[in-house]
2 protein chains.
Amino acid sequence: MILEKKHAFNRFAAGKGLRSTRQREIILDFFLATHQHVSVEELYLKIKAVHPGIGSATVYRTLKLFVEAGLAREVLLHDGQTRYEHVVEGEHHDHLVCTGCNAVIEFENETIEKLQDEIATRHGFLIKSHKLEIYGLCARCRAAAKT
Amino acid sequence: MILEKKHAFNRFAAGKGLRSTRQREIILDFFLATHQHVSVEELYLKIKAVHPGIGSATVYRTLKLFVEAGLAREVLLHDGQTRYEHVVEGEHHDHLVCTGCNAVIEFENETIEKLQDEIATRHGFLIKSHKLEIYGLCARCRAAAKT
DNA sequence: ATCCCTGCAAACACTTTGCATGAAA
DNA sequence: TTTCATGCAAAGTGTTTGCAGGGAT
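Residues numbered from 1 in each chain as written. Chains lettered and ligands numbered in written order. Predicted model: local features only at pLDDT ≥ 70, side-chain atom pairs only at ≥ 80, totals over all residues. Heavy atoms only, no water.

An unreviewed UniProt entry lists chain A under the name Ferric uptake regulation protein, with Pelobacter propionicus given as the organism. According to its UniProt record, chain A has this under Subunit (unreviewed entry): "Homodimer." (UniProt positions renumbered as here; feature names shortened; annotations may be inferred.)

### Examining the sheet that holds strand S3 (residues 83-86) of chain B
All names here are of chain B. Sheet architecture is open: three strands sit in the order S1-S3-S2, paired in antiparallel fashion. Each of the sheet's edge strands pairs with one partner strand only, and the pair in question is strand S1 (38-39) and strand S2 (72-75). Bridge count between S1 and S3: two bridges; the pairing is antiparallel. Considered in S3, the bridge of Val38 is made with Tyr84. Strands S2 and S3 of the sheet are contacted by helix H4 (residues 56-69), whose axis makes an angle of about 115 degrees with S2. (Pairing = 2+ DSSP bridges. Helix = DSSP H or I, 4+ residues; strand = E, 2+ residues; numbered from the N terminus. Contact = heavy atoms within 4.5 Å. Axes fitted to C-alpha atoms, helices over the stretch in contact; angles between N-to-C directions.)

### Thoughts on the relation of the copies chain B and chain A
Mapping chain B onto chain A calls for a rotation angle of 180 degrees and an axial translation of 0.1 Å; the resulting RMSD is 0.2 Å. What the superposition gives is, in effect, a two-fold axis relating one chain to the other. Measuring from the rotation axis to each C-alpha of chain B, the shortest distance belongs to Leu132 of chain B, at 2.2 Å. The residues that chain B uses at the interface reappear at the interface of chain A in 100% of cases, marking a shared surface. (Least-squares fit on C-alpha atoms with pLDDT ≥ 70 in both.)

### Here's the deal with the protein's contact with DNA strand C
Lining the immediate surroundings of DNA strand C are 20 residues, of which Tyr60, Lys64 and Thr82 of chain A together with Gln23 and Thr58 of chain B lie closest. Between DNA strand C and Thr82 of chain A, the relevant distance is 2.5 Å, taken from a phosphate oxygen to a side-chain nitrogen or oxygen of the residue. Within the contact set of DNA strand C, a phosphate oxygen lies 3.2 Å away from a backbone nitrogen or oxygen of Gly55 of chain B. For the surface near DNA strand C, the secondary structure elements donating two or more residues are helix H4 (56-69) of chain A together with helix H2 (22-33) and H4 of chain B. No other element matches H4 of chain A, which puts four residues into the surface near DNA strand C. (Near = heavy atom within 4 Å. Polar contact = N/O pair within 3.5 Å; in protein donor to acceptor, adjacent residues only side chain to side chain.)

### Focus: the protein's contact with DNA strand D
Neighbouring residues of DNA strand D: 20 residues in total, closest Thr58 of chain A together with Arg19, Tyr60, Lys64 and Thr82 of chain B. Gly53 of chain A is positioned such that a nitrogen or oxygen atom in its backbone is 3.3 Å from a phosphate oxygen of DNA strand D. Contact between DNA strand D and Thr82 of chain B: a phosphate oxygen at 2.5 Å from a side-chain N or O atom of the residue. Within the residue set of the surface near DNA strand D, elements represented by two or more residues are helix H2 (22-33) and H4 of chain A together with H4 of chain B. Among the elements that make up the surface near DNA strand D, the one with the highest residue count is H4 of chain B (four residues). Considered class by class, the residues forming the surface near DNA strand D number five nonpolar, nine polar and six charged. (Nonpolar A, V, L, I, M, F, W, Y, C, P; charged D, E, K, R; others polar.)

### Regarding helix H5 (residues 110-122) of chain B
In this model, H5 of chain B (13 residues) spans 19 Å end to end at C-alpha, consistent with the 18 Å of a helix rising 1.5 Å per residue. Burial in H5 of chain B covers these residues: Ile112, Leu115, Gln116, Ile119 and Ala120 of chain B. Taken end-on, H5 of chain B shows its buried residues confined to a sector of 140 degrees, consistent with a single buried face. Those residues of H5 of chain B that are exposed and aimed more than 90 degrees away from the buried face are Glu110, Lys114 and Thr121 of chain B. Those residues of H5 of chain B that are buried lie in contact with strand S4 (94-98), strand S5 (104-107), helix H5 (110-122) and strand S6 (126-137) of chain A together with strand S6 (126-137) of chain B. Where H5 of chain B terminates, the next one or two residues include Gly124 of chain B, which has phi positive at roughly 65 degrees. (Expected span 1.5 Å × (residues − 1). Buried < 20%, exposed > 50% of the residue type's maximum accessible area, 1.4 Å probe, protein only. Arc of directions from axis to C-beta.)

Structure, rendered in structure tokens:
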């Protein structure tokens with residue numbers, strides 16, 4: 001699956017006449033090695049630890065390419081940073097965001113997706129993407145709040 | 001309904017020991033006179049046209065108070081600005097956001113809300129708020145894109 | 001008389017951009 | 001050898017904060 005993504009990116013890059021550079025390879029590797037909602041800063045720091053030469057602007061620029069290439073998706077959770085997550089084809093999940101501890105729980109619900117399609121159809125709207133975020137307190141923070 | 005909101009804010013202000021100032025009255029008036037997703041900047045400019053003395057920091061600060069007071073809700077549509085909309089009690093709607101012309105269509109769907117409750121319960125999660133945004137092309141932009 | 005609120009400007013955090021250099025084609 | 005990508009620093013955003021003066025209680 002990782003290889004697949006690399007190929008996907010190479011195809012995309014070739015199609016757009018983009019060059020294959022060491023930095024892009026590195027950033028892709030590190031991105032693929034992450035889980036859940038990395039912010040640019042986080043990814044940048046991880047990479048810099050191993051490859052000190054890299055610039056944060058490059059990480060910003062490259063993550064946008066990944067989005068264009070369909071490998072990554074922007075996720076904006078109320079924390080003032082742009083985060084990215086992996087795109088897994090045919091799968092979409094949404095987020096429960098705990099405002100107590102900032103934990104993020106992912107969930108999937110097909111019925112909700114279908115209802116969205118219906119709503120869109122009713123408005124003549126063509127869906128490209130969507131984002132459902134539920135904010136509140138996770139089980140642990142609820143328990144902690146009670147004491 | 002507008003008066004109701006003013007009273008709601010006064011009650012909130014009194015409860016928190018906040019002062020009633022000319023600026024807060026003005027900002028509340030202008031906010032109540034707007035429709036749909038004003039950004040702080042937009043509101044600030046409208047106010048400034050009539051009350052040049054006002055500072056944008058005050059508008060920022062005051063809108064946050066409105067959120068605390070339950071009169072307003074933050075809406076973040078991918079455009080890099082914080083926007084606010086009115087809270088109408090017991091009513092919640094979500095948004096179809098057109099990436100072509102930036103139009104925002106509101107919709108309500110009770111079934112989706114219920115499904116969210118179920119999901120939350122399943123995870124022991126206590127919902128405080130949620131946000132569902134569907135991005136894509138509105139009917140008009142779809143038609144335009146075809147030509 | 002207190003202490004909150006305001007306006008201004010400076011500070012902020014995150015992100016984007018301009019430019020000279022270096023690397024890929 | 002042309003052209004794209006990079007790193008750096010500077011410039012941008014939108015938003016927040018510190019502070020001295022003004023206003024509400």
